[in-house]
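# Analysis of the macromolecular model
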There are 4 protein chains.
Amino acid sequence: MKKVKVGLIGTGYIGRCHAIAYAQAPTVFDLKGEIVREMLAEVNPELAARQANAFGFRRSTGNWRDLVSDPDIDVVDICAPNFLHKEIALEAIRHGKHVYSEKPLALSVADAEEMTHAAQEAGVKTLVGFNYMKNPTSQLAREIIARGEIGDIVHFYGTHNEDYLANPQTPRDWHCQHALAGLGALGDLAAHIVNMAHFLVGDIEEVSGDMMTVIKQRPDPEEPARLVPVENEDQASALLRFKQGAQGVIETSRIACGRKMGLTYVITGTRGALRYTQERMAELELYLHDEPTGRQGFKTILTGPAHPDYAAFCVSAGHGIGFNDQKTVEIRDLINGIAANDRMWPDFAEGLQVTRVLEAIAASAVERRWIKV
Amino acid sequence: MKKVKVGLIGTGYIGRCHAIAYAQAPTVFDLKGEIVREMLAEVNPELAARQANAFGFRRSTGNWRDLVSDPDIDVVDICAPNFLHKEIALEAIRHGKHVYSEKPLALSVADAEEMTHAAQEAGVKTLVGFNYMKNPTSQLAREIIARGEIGDIVHFYGTHNEDYLANPQTPRDWHCQHALAGLGALGDLAAHIVNMAHFLVGDIEEVSGDMMTVIKQRPDPEEPARLVPVENEDQASALLRFKQGAQGVIETSRIACGRKMGLTYVITGTRGALRYTQERMAELELYLHDEPTGRQGFKTILTGPAHPDYAAFCVSAGHGIGFNDQKTVEIRDLINGIAANDRMWPDFAEGLQVTRVLEAIAASAVERRWIKV
Amino acid sequence: MKKVKVGLIGTGYIGRCHAIAYAQAPTVFDLKGEIVREMLAEVNPELAARQANAFGFRRSTGNWRDLVSDPDIDVVDICAPNFLHKEIALEAIRHGKHVYSEKPLALSVADAEEMTHAAQEAGVKTLVGFNYMKNPTSQLAREIIARGEIGDIVHFYGTHNEDYLANPQTPRDWHCQHALAGLGALGDLAAHIVNMAHFLVGDIEEVSGDMMTVIKQRPDPEEPARLVPVENEDQASALLRFKQGAQGVIETSRIACGRKMGLTYVITGTRGALRYTQERMAELELYLHDEPTGRQGFKTILTGPAHPDYAAFCVSAGHGIGFNDQKTVEIRDLINGIAANDRMWPDFAEGLQVTRVLEAIAASAVERRWIKV
Amino acid sequence: MKKVKVGLIGTGYIGRCHAIAYAQAPTVFDLKGEIVREMLAEVNPELAARQANAFGFRRSTGNWRDLVSDPDIDVVDICAPNFLHKEIALEAIRHGKHVYSEKPLALSVADAEEMTHAAQEAGVKTLVGFNYMKNPTSQLAREIIARGEIGDIVHFYGTHNEDYLANPQTPRDWHCQHALAGLGALGDLAAHIVNMAHFLVGDIEEVSGDMMTVIKQRPDPEEPARLVPVENEDQASALLRFKQGAQGVIETSRIACGRKMGLTYVITGTRGALRYTQERMAELELYLHDEPTGRQGFKTILTGPAHPDYAAFCVSAGHGIGFNDQKTVEIRDLINGIAANDRMWPDFAEGLQVTRVLEAIAASAVERRWIKV
């Protein structure tokens, strides 16, 4: 079986999630390629070595440039801070590597375009880590829509709300700095719900956005008595028009008290509706307009082996899938994509399209008018 | 005890609801005035007589003008079709009657202004039937906000979605005709959620709206084979800015498959959040940010005797309140307002303010830019 | 129209609920008889007069014997304390009155038998206030079962749990005294769930019960420093066998922290299942085994005009029904039963059957073996 | 680091789940020993080889006796059919291996006793695969109870209901045969809820049980036109008394339409309550009696890094844990138990105690009286 040699850059929150998925994927799925956890890069050689050991990687380096140029790497997996995505990806592409990048693809449309074009010209494959759409439950939502079970989609409401910055005493970190994060909640969170909207309904054509920095200053992490400015938005909302004609609204917040994993959607069709919240990631609510009078209602479907990809994890319905399982599906797509030339999506072109939507929302919020994506 | 002589005009869906509330209110509440169900008006004398008998009214008439000019009427209760609200209210005011009107107050801001000014000049009391805010559960939400339990409000998301026109084969009725209904879902449904936003968060200052007529033609009720145009919007959404600084979004639809009583809100404060859906009208979900680590979560409060007005219906918590009970609270406010000069709210001025917001949303949707209310 | 002259005895918690229902019923329903709120009895003439005024009754008395013997009374409505049910009912029957008694019918099977036989011999009509089964939602459950939509019933799980005595500092009141209440949670609460089991599944044939007095002493209400014994059970459970063959379990508690209106049931059939909780009294969950693979799930049906009796309250689905509305349906049955000789159920015979089940559970708990009802 | 060499016997449903957990565990947890996937046994050498390859095991065999006697195996992991547990475990113990067995430990108390004593005499460590209690959410329930947050436990209601045999056309398989499965739903499902009751409340002292074979015959899998008898119970219920004094009820069914993973519990204490359902395995509902009046309610806690073991999977709350993650926690306990002599629980002694409770329920159902465990 063809080997796929992976080079992982970055082992924080999301890098660790990737590592768990690499470990799990070959047992869960009958992959078309063999995963080789070849090399891992971190900010210094000691940390890199320690993490390589913990995550089962063969080699390690304190310099990501060694990794992207290593001849024994097939795909570069970028879990480094967002502001480094562009530089690393371009270097990897320059060395002919396939690139698997965490979201957001880049801090600006200009950067995302440069990356997408570079990949296209080099003919390398790309994948962006929009893991929530890999959840069997959201795949089921797409299947229901694609089969026309709820008719034509006329409305989409989606959120990605969390509360990790709800406490005003939480010091300013990279999330709040323009140079390191670009947009705030839009870039960090709404990227997921925009991708989900694309996945479920299709491209967004026009937006009217609004955004707000609620907590304008936060303690300096180095010197907590000193307050430093928050440089991007805590919350944002936008009206949407989809290419296929539907109306929509998306909202995002990083200060939404109580929302821990508040990616949600409510999709209305001409013959039914779907409701979903990521906090109950194994449940999809389905309403069918044409059911008998007096027996209509939202039905809670527990994801099970009759639904896409679930059976690989468990053959019984309702037994539950977890956060890391989504990433495992994504890794399956990565490995099969590279080993067997299967389609990989969301690719850089989709990452770029998401960035365009986010940037249009931000621009619209400043100009106070609708903007075409 | 002071008698309050009521004249009811219109006995359809909502008129019947008023009748039930008049019957129930004196037993439920210790009112400050005695309700006299004095006279009822319908479109012809026969129907009027029959309904007066069914609803316990002493006299009846086939001509509402007789009622509003009758010397033995203290308050005119307008449950007539929306397009008649203005004419009836102005006549009633001219005869010095207090006026209790169903929502929407009027079909346009101009009309609502005329009615509000007339009432103010005549010194009569007014009340508009925004019954959902009378629900003890939403009163509790207001109490929690007013006491600062969830901090400063930074975001409001509200909907009033139903599906009574989801079926494209449903013939066009008055809801879909501009001359009879004015706005579509905005006027019929969103009026409630705008009033609720005012009640819970305060005035709305600026809006960016969007609206859509999804089902553009419907069967002519007289001649079902013929299709006639739908003249107003099936669904609408708007970004909001509140005077006190919060962001918001409201949405409305009359074709939202599966939403039977989809008045909902999610209110985010700096220290907590509230969630509510009218379909579970005896439950309020409360999240408090400052609860101990590992013990935080949305708490489902079952409305009970510790909350406003509930104890009048039942002394045990969680036993449930119904749709008509809200109207009974409203009737309590009406009778006490007139008999004892208690404050009556939402009055015509609030009805006007709601109309301004709705009209601004509709105008914004046409002009594709933010509009000040 | 035939008048039905009502004499109400007792105006506490449940008497007040009856009064609200009498006021509301003629407007809600097109009754077959005219309700006359004729006379009200309380423990003294002053309270009786005050309550008669508040509840709209024409006459009042401080002695219930005057009421049951009054020639102008058609039906005696017993909302007096439980230990008085028997004496009042027998007196009323002796005077040829129809009798409408709150539950529990009596404190013992012997008493309930005496009452039932007396009524049968006198040929008067009887009704017992098991109001929860009047809820349109539970009527829908019965309809679904009766139509075979979930196949043959093989299992019933039901509870009636509340927490009104969860606090050990709550003084001992009549609920805890054998002479005044008979059984504890079984008599006060489980009576409802046993009646519901009868209504939905049929007669219970055999039981194995267990019960426990958790808080063995409580403060004397007169002298709180002194502790007095609790004389009946705080919680009880029983295995059941139904006549039609199904297995079952019922549970009850008055110290079930957090359960405010914890009447619930889960009914399993060979082709589906139903779930219900009274705290969400306008929702029924329905699972149908034969739905398409991958689209199965519990569906939340919002009670609406397609379901029994709901339309009388509101013509739109999902708008909600309240606790008092159930009693209004019961009053409809009472008035129509007397005025038009319609069937009245649950009658004394059913009240007796419920008492037999409860007493069998209590006896079984003592004898530690199964007992036939 | 000490190596722990694992021999896995059986690669069906649950064996596959173990394999996923072995793959995932070293990345998720900082283990005290190194997992070596040494050898795998299946019913023939070809299947064994194929599965060894799929699951990452070094060697394979078509004969489990080779595995249990292999000098390079530290722990024997038994995922073979239930009726083989005893024989394999005794052989493994005879060779001085630690034993990790799936539940149920054995088909009878006699067998479980023999196995437990053999392990104790040999001084080997044992673990039984009651994975649901490893879920961080149920660990949180235990923590809340242990800290006295809900007071003294007075009542436990637990179920393990599924519907895998709800369809009467499903052919009879090993689950329905006494010689292969022992008890029916009790052994296959209730074992979990009995273990959970032990984990959360403590030992069960006395039971009154009932059981029923609802579908008495099923198609012969070899010859579907022929019906063969079902030899054990489809559903069962039992009243319980716990050693610490609480009352309880457990129920189980394999024909409970709609329940896909219906392990649930409701635990009532003197100062609060907990509610849980495995179908929402990342949520625990907590009610605290002493919260302020009017602000009481069941709070939905989303499992997160503040709770036991969750942080190893994800550092953000509410992101979700899956079925296989529970097994990964169990594997962590296995490896640390063997490598560092950490406590391993539930061990064979607990497996025996569960079997005693199940057998007492079955005996009680036959004898129709309470039985001491």
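Residues numbered from 1 in each chain as written. Chains lettered and ligands numbered in written order. Predicted model: local features only at pLDDT ≥ 70, side-chain atom pairs only at ≥ 80, totals over all residues. Heavy atoms only, no water.

Bringing the domain arrangement of chain A into the picture now. Residues and elements named next belong to chain A. Annotation of chain A at the domain level lists domain 1 (2-128) and domain 2 (136-280 + 282-321 + 343-367). Look at where the C-alpha atoms of domain 1 and domain 2 centre, and you get two points 25 Å apart. On the domain 2 side, the residues contacting the 26 residues of domain 1 number 24 residues. Of the roughly 2000 Å² buried between domain 1 and domain 2 on both sides combined, carbon and sulfur atoms contribute 69%. Summed over the three residues of domain 1 that lose the most area to domain 2, namely Lys-103, Val-109 and Thr-126, the buried surface amounts to 25% of that side. Linking domain 1 to domain 2 there are two salt bridges. A salt bridge links Glu-113 to Arg-356, with the shortest nitrogen-to-oxygen separation between them at 3.0 Å. Where domain 1 packs against domain 2, one counts six residue pairs in polar contact (both at pLDDT 80 or more). It is helix H5 (residues 109-122) that contributes the most residues to the side of domain 1 that touches domain 2, seven residues altogether. (Domains from an automatic or database assignment. Contact = heavy atoms within 4.5 Å. Buried area = accessible area lost by both parts, 1.4 Å probe. Salt bridge = Lys/Arg side-chain N within 4 Å of Asp/Glu carboxyl O. Polar contact = N/O pair within 3.5 Å; in protein donor to acceptor, adjacent residues only side chain to side chain. Helix = DSSP H or I, 4+ residues; strand = E, 2+ residues; numbered from the N terminus.)

So, on to the relation of the copies chain B and chain A. For these two chains of identical sequence, chain B goes onto chain A by a turn of 180° and a shift of 0.0 Å along the axis, with RMSD 0.0 Å. The transformation just described matches what one would write down for a two-fold rotation axis. Residues of chain B ranked by C-alpha distance from the rotation axis are headed by B:Arg369, positioned 2.3 Å from it. (Least-squares fit on C-alpha atoms with pLDDT ≥ 70 in both.)

Our focus in this paragraph is the UniProt feature "domain: Gfo/Idh/MocA-like oxidoreductase N-terminal" (unreviewed entry) in chain A. Mapped onto the present numbering, the UniProt feature "domain: Gfo/Idh/MocA-like oxidoreductase N-terminal" (unreviewed entry) falls on residues 4-130 of chain A. From the first C-alpha to the last, residues 4-130 of chain A spans 21 Å; its make-up is 45% helix and 22% strand. (UniProt positions renumbered as here; feature names shortened; annotations may be inferred.)

This part is about the nonpolar core. With 218 residues, the main nonpolar core has A:Tyr265, A:Leu334, D:Tyr265 and D:Leu334 as its most contacted residues. When sequence neighbours within four positions are dropped, the list of residues in contact with D:Leu334 reads D:Tyr22, D:Val75, D:Tyr100, D:Leu127 and D:Met344. In this structure, B:Val68, B:Val329, C:Cys79 and C:Ile338 belong to the second largest nonpolar core, which totals 216 residues. (Core = buried A, V, L, I, M, F, W, Y, C linked by side-chain atoms within 4.5 Å. Buried < 20%, exposed > 50% of the residue type's maximum accessible area, 1.4 Å probe, protein only.)

Moving on: the interface of chain B and chain A. With 46 residues of chain B in contact, the opposing surface of chain A contributes 46 residues. Taken together, both faces of the contact between chain B and chain A bury some 3400 Å²; the carbon and sulfur share is 51%. Elements with a contribution of two residues or more to the side of chain B that touches chain A: strand S7 (153-161), strand S8 (204-212), strand S11 (235-242), strand S12 (247-253), strand S13 (262-269) and strand S14 (272-277) of chain B. Counting residues per element, the side of chain B that touches chain A draws most heavily on S11(B), at seven residues. Split by residue class, the side of chain B that touches chain A holds 20 nonpolar, 15 polar and 11 charged. (Nonpolar A, V, L, I, M, F, W, Y, C, P; charged D, E, K, R; others polar.)

Once that is clear, we can look at the pairing of strand S1 (residues 3-9) of chain D. Residues and elements named next belong to chain D. Here S1 lies mainly inside the structure; six of its seven residues are buried. Note: S1 against strand S2 (residues 34-41), seven bridges, orientation parallel. Bridge pairing in S2 links Val-4 to Ile-35. Taking the sense of rotation as the criterion, the β-α-β connection linking S1, helix H1 (residues 13-28) and S2 turns out right-handed. (Pairing = 2+ DSSP bridges. Right-handed = clockwise from strand over helix to strand, strands pointing away.)

Tallied over the full model, the rule gives 143 salt bridges over all chains. One salt bridge in this structure joins B:Glu91 and B:Arg94, with 3.0 Å as the shortest N-O distance. Within this pair, B:Glu91 and its partner B:Arg94 are both found in helix H4 (residues 85-94), separated by three residues, close to a single helical turn. A relative accessible area of 61% places B:Arg94 in the exposed class. B:Glu149 serves as the salt-bridge partner of D:Arg295, at 2.8 Å between the closest nitrogen and oxygen. Of this pair, D:Arg295 sits in the loop between strand S15 (283-288) and strand S16 (298-302) while B:Glu149 sits in the loop between helix H6 (136-146) and S7, on two different chains. Of the two residues examined, D:Arg295 and B:Glu149, each falls in the buried class. Overlapping salt bridges, with partners in common, bring together A:Glu206, A:Arg241, A:Lys372, B:Asp210 and B:Arg368 in one network.

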